[in-house]
Structure formats: structure tokens, C-alpha cells
Amino acid sequence: MNFSGIIDMHTHSDHSFDGNHSCMLLCESAVAKGLDGIAITDHCEIDSKEFDFRAFATNQYFESYKAKKFFEGRLLVMQGLELGQAIYKKELAESILDKFKYDFILGSIHNLENMEDFYYLDYSEFDVPALLDKYFDTVYELCLWNRFDSLAHLTYPLRYIKGESRMDIDLSRFSDKIEAILKTLIKNEKALEINTSGLFQKINETLPDESIVKLFKELGGKYITIGSDSHYYNDLGRGIEQGMALAKKCGFDSIAVYQQREPILIPIE
């Protein structure tokens, strides 16, 4: 396939606990929208106490494989996972990665250890700077673990702290930690995700924002992935063009897609 349009590297099917539509329907919608490709990256929250990881991984992998084969030649379908909190149970996370031949793995932190997702927290009850200090330390540890391909939504907590709770956050306080994260990604030849979901939420910016994407490039970053983080078929590809424009503004001339965990650079037209 020749790639000249939109490739969405972060999507969720109904195999995600908060997903809504089948792998096949996602692919049908992607073709109808004129997308060139999607990565199906369902949530695998490794610290969940209620999750049947064996059944999830097997079923999600099998159904995404069927979609990949059915749409071959019409849509690049990448089999993937959004592997959440992998460092809390490394042995389990690594066993899943070793068992299945994924194309693409997003690494993410949605919650601190033994805490709820940042989505659920009441920030009036927390020392927010201390919370973010611990969050960025945890993301740094995830980057040192280094078993993913792209770091998802680096500034994820801000979706709720800054967006929903309308709290002013000066990220310069965490600049050393953020720079250490970016340098580790670069050293390990990993990608940074531009997550476009925030453009359509109260935070009204990508995760991370332009300043961090630009810093990643200035430090020597090579790989950028762009994902809508869609949980509904009609949100596929949402904001990807804006994400590509942002990447180009920050100095990137290509985006990365992945096959069998290997990056392929696609020029930004």
C-alpha cells in the first residue's frame, strides 16, 4: 500500500473495558472515512484485579488478526495493545508480550500504584504537584523498562487536572523529569505519541502539547506516532491531521507506523 492519508495509531475496540465497537466495525469505518491504517490498541491494564488476561489477550489478538487479514490491501491493520502500568507486574506484562506477535505496543500509566485512574480522583483532596512528581517518576521507570514502542499521552493526568478540574499547572516545575523521560525514549529509539483526544476535550490541547513535542525533536527524537485514542468507530482519525501539522511544526518530516514491532517512517505530506 502507498500511504498518503491518515493513519490512526491509538484506537480501542469492544475488547477494551471502555470500548464500544468490534474490530471489524472499526476497520469498516476506517475504510469508509478514507483512512490508510489503524492500530487496534486495546487496554491491557496490567494491575487490574478483575481482568482475565489470558482470555482478553487471546480473543483480542485473534479478532484483530481476522480484521487484519480481511482488510489486507485496503487498510493497514496493526495488531496492538495499550499496555497500562506494565511495571507494576512486569512478569505478567512480559509474558503477554512474549506470547503474541504484536505489531505495535503503546506504553502508558493511567494510575499510580494502588490508586484509581487519574480520571476518578478528586484533586481537591491531593497535593497535585506531589502527585505529578510521582507520576512523572513512574513514567520514567516505565521508559527504563523499555518493552513498548511508543509512549502514550505523556501528560495524561492534565486531561483531568487542567481540563476537567480547571487547575493551573506550571509544567516547568517538572521540566527535569520530562526531559529525562524524553532522553530515555530517544536513547532507546522509542516513539513519543501525539494523542489528539485532548483537542476535543476541555483541556483543548494535544497530550503532550506542542512545547514537549518540540523539545523531543530538539533533544534528538526521531519517532512520532499520532493517535486519536478513539473508543467509538465515528471518532476514528479524529484530530490526526492536526497532529500531523503539529509534528511538522515541531520539525518532524515523518510519522512512524509499526509492523512486527519495527518502525516504518511515513513522510508527512
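Predicted model only: the values in this text are computed from it and were never measured.

About the cut-offs
- Residues numbered from 1 in each chain as written.
- Predicted model: local features only at pLDDT ≥ 70, side-chain atom pairs only at ≥ 80, totals over all residues.
- Heavy atoms only, no water.
- pLDDT = per-residue confidence, 0-100.
- Helix = DSSP H or I, 4+ residues; strand = E, 2+ residues; numbered from the N terminus.
- Expected span 1.5 Å × (residues − 1).
- Buried < 20%, exposed > 50% of the residue type's maximum accessible area, 1.4 Å probe, protein only.
- Arc of directions from axis to C-beta.
- Contact = heavy atoms within 4.5 Å.
- Pairing = 2+ DSSP bridges.
- Disulfide = S-S within 2.5 Å.
- Axes fitted to C-alpha atoms, helices over the stretch in contact; angles between N-to-C directions.
- Parallel < 35°, antiparallel > 145°, perpendicular 65-115°, else oblique.
- Left-handed = near helix turned anticlockwise from the far one by under 90°.
- Nonpolar A, V, L, I, M, F, W, Y, C, P; charged D, E, K, R; others polar.
- Salt bridge = Lys/Arg side-chain N within 4 Å of Asp/Glu carboxyl O.

Peer 1: A description of the confidence of the model for the protein should follow, citing residues and the corresponding values.
Peer 2: Per-residue pLDDT for the protein averages 96, and the proportion of residues at 70 or more is 99%. Mean pLDDT per element in the protein: helix 2 (residues 53–70) is the minimum at 93, and strand 5 (residues 150–151) is the maximum at 99.

Peer 1: Report on helix 6 (residues 175–187), specifying residues and quantitative values.
Peer 2: End to end, helix 6 covers 18 Å across 13 residues, agreeing with the expected 18 Å (1.5 Å per residue, within 8%). Among the residues of helix 6, those classed as buried are Ile178, Ile181, Leu182, Thr184 and Leu185. Relative to the axis of helix 6, the buried residues are bounded by an arc of 160° and lie together on one face. Opposite the packed face of helix 6, turned more than 90 degrees from it, sit the exposed residues Asp176 and Lys187. Buried residues along helix 6 sit in contact with helix 4 (128–145), strand 5, strand 6 (191–195) and helix 7 (210–218). Remark: Glu189 follows helix 6 within two positions and exhibits a positive phi of approximately 55°.

Peer 1: Just give me the short version of the sheet that holds strand 5, but keep the residues and values in it.
Peer 2: Overall, parallel pairing links the 7 strands, which are arranged 1-2-3-4-5-6-7 in an open sheet. Looking at the sheet topology across the chains shown, the edges are occupied by strand 1 (7–11) and strand 7 (223–227). Note: strand 3 (residues 76–84) against strand 4 (residues 104–108), 5 bridges, orientation parallel. Opposite Glu82, over in strand 4, you have Leu106 as the bridge partner.

Peer 1: I'd love a proper account of the pairing of strand 8 (residues 254–259), names of residues and values included.
Peer 2: With 5 of 6 residues buried, strand 8 lies mostly within the body of the structure. The pairing of strand 8 with strand 9 (residues 262–267) spans 6 bridges and is classified as antiparallel. Bridge pairing links Gln259 to Glu262 in strand 9. Where strand 8 hands over to strand 9, the hairpin turn is made up of 2 residues, of which Gln260 adopts a positive phi near 55°.

Peer 1: Explain the environment of Gly107 residue by residue, including any values.
Peer 2: Turning to its location among the elements, Gly107 is positioned in strand 4. Ignoring any residue separated from it by four or fewer positions in sequence, one finds Gly107 in contact with Leu83, Leu142, Phe148, Ser150, Leu151 and Ala152.

Peer 1: Explain the state of the cysteines to me, and be specific about the residues and the numbers.
Peer 2: Under the definition given, this model contains 0 disulfides. Cys23 supplies the cysteine sulfur nearest to Cys44, a cysteine that is in no disulfide, at a spacing of 14 Å.

Peer 1: Which residues make up the packing of helix 2 against helix 3 (residues 90–99), and what values go with them?
Peer 2: When two helices pack together, their arrangement is given by the angle between the helix axes and by the axis-to-axis distance. At a closest axis distance of 11 Å, the pairing of helix 2 and helix 3 adopts a crossing angle of 25°. As far as their axial angle goes, helix 3 and helix 2 are roughly parallel. The hand of the helix 2/helix 3 crossing is right-handed. Here helix 2 contributes Phe53, Arg54, Ala57 and Thr58 to the contact with helix 3, which in turn contributes Leu92, Ile96 and Lys99. Of the residues that constitute the contact of helix 2 with helix 3, the class distribution is 4 nonpolar, 1 polar and 2 charged.

Peer 1: If you had to explain the pattern of salt bridges to someone new, which residues and values would you point to?
Peer 2: Scanning the model with the defined rule gives 11 salt bridges in all. In this structure, Glu164 engages Lys202 in a salt bridge whose closest nitrogen and oxygen atoms are separated by 3.6 Å. Pair noted here: Glu164 is in helix 5 (residues 158–164) and Lys202 is in the loop between strand 6 and helix 7, with a separation of 38 residues, a long-range link. Taken together, the shared-partner salt bridges in this structure form one network comprising Asp133, Asp137 and Lys177.

Peer 1: Which residues make up the pairing of strand 7, and what values go with them?
Peer 2: Where burial is concerned, most of strand 7 is hidden: 5 out of the 5 residues are buried. Judged by which residues are buried, strand 7 turns out to be covered on both faces: Tyr223, Thr225 and Gly227 on one side and Ile224 and Ile226 on the other are all buried. Direction of pairing for strand 6 relative to strand 7: parallel, over a ladder of 5 bridges. By the bridge assignment, Ile194 is partnered in strand 7 with Ile226.

Peer 1: Requested: an account of the environment of Glu45, with residues and values cited.
Peer 2: Mapped onto the secondary structure, Glu45 falls in strand 2 (residues 37–45). The buried category is assigned to Glu45, whose relative accessible area is 13%. For Glu45 and Leu81, which are 36 residues apart along the polypeptide, the C-alpha to C-alpha distance reads 9.9 Å. Glu45 has contacts with Phe17, Phe53, Glu82, Gly84, Gln85 and His110, leaving out every residue within four places of it along the chain.

Peer 1: So what's going on with unusual backbone geometry? Residues and values would help.
Peer 2: The residue after Leu207, namely Pro208, is reached through a cis peptide bond having omega -5°. Tracing the chain through its elements places Pro208 in the loop between strand 6 and helix 7. Phi angles above zero are rare outside glycine, and Asn114 is one such case at about 65°. Topologically, Asn114 is positioned in the loop between strand 4 and helix 4.

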